[in-house]
Amino acid sequence: MSSLIHPSALVDPGARLGADVEVGPFAVIEGSVEIGDRCRIGARATLHRFTRLAHDVTIGDGTILANLPQDHKFKDEETWVEIGAHTTVREFSTINRGTAQSRRTTVGERCYLMSYVHLGHDCHIGNGVTIANGTQLSGHVTVHDRANISGLVAVHQFVTIGSFCFVGGCTRVNQDIPPYVKAVGNPMELYGLNTIGLQRAGFPAETITALKRGYRLFFNSDLNLSQAVERARADLPQTAEVQRFIAFIESSERGVPA
């Protein structure tokens with residue numbers, strides 16, 4: 001089937017649309033835009049140049065993709081917004097282009113970004129990430145796979161949020177959040193392992209137990225960082241999850257909540 005484009009939509013001839021694409025009323029699609037098969041572009045959405053959507057992406061009404069970065073150093077370099085397959089971006093969200101720092105802002109596959117989410121320039125969102133309504137990410141934020149960020153969260157620039165973690169609503173995220181944990185508050189604090197999330201994701205009981213032991217070593221003991229790393233490597237089963245947990249904390253540039 002051919003694409004279904006509403007008569008009021010403005011689609012630049014230089015845009016490339018795949019098969020079965022739907023474009024809603026008054027949407028604007030500029031040149032140098034690539035849209036994969038079966039994508040859905042909502043009413044009054046704007047896809048600026050240098051937007052690339054994989055197949056089966058849904059863009060909600062009024063959403064703006066690939067607007068210029070909010071960065072004084074930006075010199076209109078060719079930078080992109082790239083969104084992976086089966087991802088949904090709901091109404092009135094904004095995703096800015098990258099800068100010369102990484103050349104792109106990326107969202108992975110099967111993500112769900114709810115209404116009024118903002119991703120600043122050079123953000124990199126992994127696969128299967130959920131970000132709830134009104135959450136705002138500054139530039140250069142990295143979110144790893146399957147993280148779950150609640151609504152009205154504010155994330156400081158250059159923060160990294162680990163995989164399978166849960167961030168509670170209205171949290172001010174000014175430090176890195178290790179994988180597999182729960183974080184909430186202003187100031188932000190950690191509240192143990194995201195046990196329910198890990199169980200729902202199918203993590204084995206022994207893996208969850210090992211991560212709980214690791215959490216206690218780093219955050220509920222009198223050990224300093226180097227001592228906790230040494231004990232964790234000596235005492236815990238060195239599964240991929242445990243190694244990822246240790247390496248994240250050890251290499252954190254912004255630090256993690258005490």
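Everything numeric in this text was worked out from a predicted model, so none of it was measured. (Residues numbered from 1 in each chain as written. Predicted model: local features only at pLDDT ≥ 70, side-chain atom pairs only at ≥ 80, totals over all residues. Heavy atoms only, no water.)

(A) Highlighting the nonpolar core. Ranked by internal contacts, the top residues of the largest apolar core, which has 69 residues, are L47, L53, I59, I83, L119 and I161. Of all the secondary structure elements, the ones that give two or more residues to this core are β6 (33–35), β11 (64–67), β12 (80–83), β27 (181–185), β28 (188–193), α2 (205–219), α3 (225–235) and α4 (240–251). Contacts of I161, omitting those with residues within four sequence positions, involve T142, V143, H144, A147, I149, V155, V167 and I177. (Core = buried A, V, L, I, M, F, W, Y, C linked by side-chain atoms within 4.5 Å. Buried < 20%, exposed > 50% of the residue type's maximum accessible area, 1.4 Å probe, protein only. Helix = DSSP H or I, 4+ residues; strand = E, 2+ residues; numbered from the N terminus. Contact = heavy atoms within 4.5 Å.)

(B) Representation of the packing of α2 against α3. Here α2 crosses α3 at 160°, and the two axes come no closer than 9 Å. The angle between the axes of α2 and α3 places the two elements in the roughly antiparallel class. Of the two possible hands of crossing, α2 and α3 adopt the one that is right-handed. Here α2 contributes R213, L217 and F218 to the contact with α3, which in turn contributes L225, A228, V229, R231, A232 and D235. Residue composition of the contact of α2 with α3, by class: 6 nonpolar, no polar and 3 charged. (Axes fitted to C-alpha atoms, helices over the stretch in contact; angles between N-to-C directions. Parallel < 35°, antiparallel > 145°, perpendicular 65-115°, else oblique. Left-handed = near helix turned anticlockwise from the far one by under 90°. Nonpolar A, V, L, I, M, F, W, Y, C, P; charged D, E, K, R; others polar.)

(C) Region of the structure containing the side chain of T105. Its place among the elements puts T105 in strand β15 (residues 104–107). For T105, a relative accessible area of 0% gives the class buried. Only 2.9 Å separates the side chain of T105 from the backbone nitrogen of D122, close enough to count as a polar contact. Other than its neighbours up to four places away in sequence, T105 contacts W80, V81, E82, I95, N96, R97, G98, G120, H121, D122 and C123. (Polar contact = N/O pair within 3.5 Å; in protein donor to acceptor, adjacent residues only side chain to side chain.)

(D) Quick look at the packing of aromatic side chains. Scanning the model with the defined rule gives 8 aromatic pairs in all. Measuring from ring centre to ring centre gives 5.9 Å for Y180 and F203, while their planes differ by 70°; the resulting arrangement is edge-to-face. Residue Y180 is located in the loop between β26 (172–173) and β27, and its partner F203 is located in the loop between α1 (195–200) and α2; the two are separated by 23 residues in the primary sequence. For F203, a relative accessible area of 15% puts it in the buried group. Measuring from ring centre to ring centre gives 6.3 Å for F218 and F219, while their planes differ by 45°; the resulting arrangement is tilted. Put simply, the rings of Y215, F218, F219 and F245 touch in pairs and so form one group of aromatic residues. The ring of F26 has R44 sitting right over it, with the charged end atom 4.5 Å from the ring centre. Its end group placed over the ring of W80, R52 keeps NZ or CZ at 3.9 Å from the ring centre. (Phe/Tyr/Trp six-rings, centres within 6.5 Å; stacked < 30°, edge-to-face > 60°. Lys NZ or Arg CZ within 6 Å of the ring centre and 35° of its normal.)

(E) Expanded view of the sheet that holds strand β14 (residues 94–96). An order of β2-β5-β8-β11-β14-β17-β20-β23-β26 is seen for the 9 strands of this open sheet, with the pairing classed as parallel. Two strands bound the open sheet, and with one partner strand each, they are β2 (10–11) and β26. By the bridge criterion, 2 bridges tie strand β23 (residues 154–155) to β26 in an arrangement that is parallel. Its bridge partner being in β26, V155 is matched across the sheet by V173. (Pairing = 2+ DSSP bridges.)

(F) Local environment of the pattern of salt bridges. Under the counting rule described, the total for this entry stands at 12 salt bridges. Put simply, R52 and E82 hold a salt bridge, and the shortest N to O gap is 2.5 Å. Of the two residues, R52 sits in strand β9 (residues 51–53) while E82 sits in strand β12, which places them 30 residues apart along the sequence. When its relative accessible area of 27% is taken as the criterion, R52 is described as partly exposed. Among the salt bridges present, the one from E250 reaches R233, with a minimum N-O distance of 2.8 Å. Of the two residues, E250 is situated in helix α4 and R233 in helix α3; the sequence distance between them amounts to 17 residues. Here E250 falls in the partly exposed class, since its relative accessible area comes to 39%. Taken together, the shared-partner salt bridges in this structure form one network comprising R16, E34, R52, E82 and R104. (Salt bridge = Lys/Arg side-chain N within 4 Å of Asp/Glu carboxyl O.)

(G) Summary view of the state of the cysteines. Per the counting criterion, the structure on display carries 0 disulfides. Among the cysteines around C165, which has no disulfide bond, C111 carries the closest sulfur, lying 13 Å off. Residue class for C165 comes out buried when judged on its relative accessible area of 0%. (Disulfide = S-S within 2.5 Å.)

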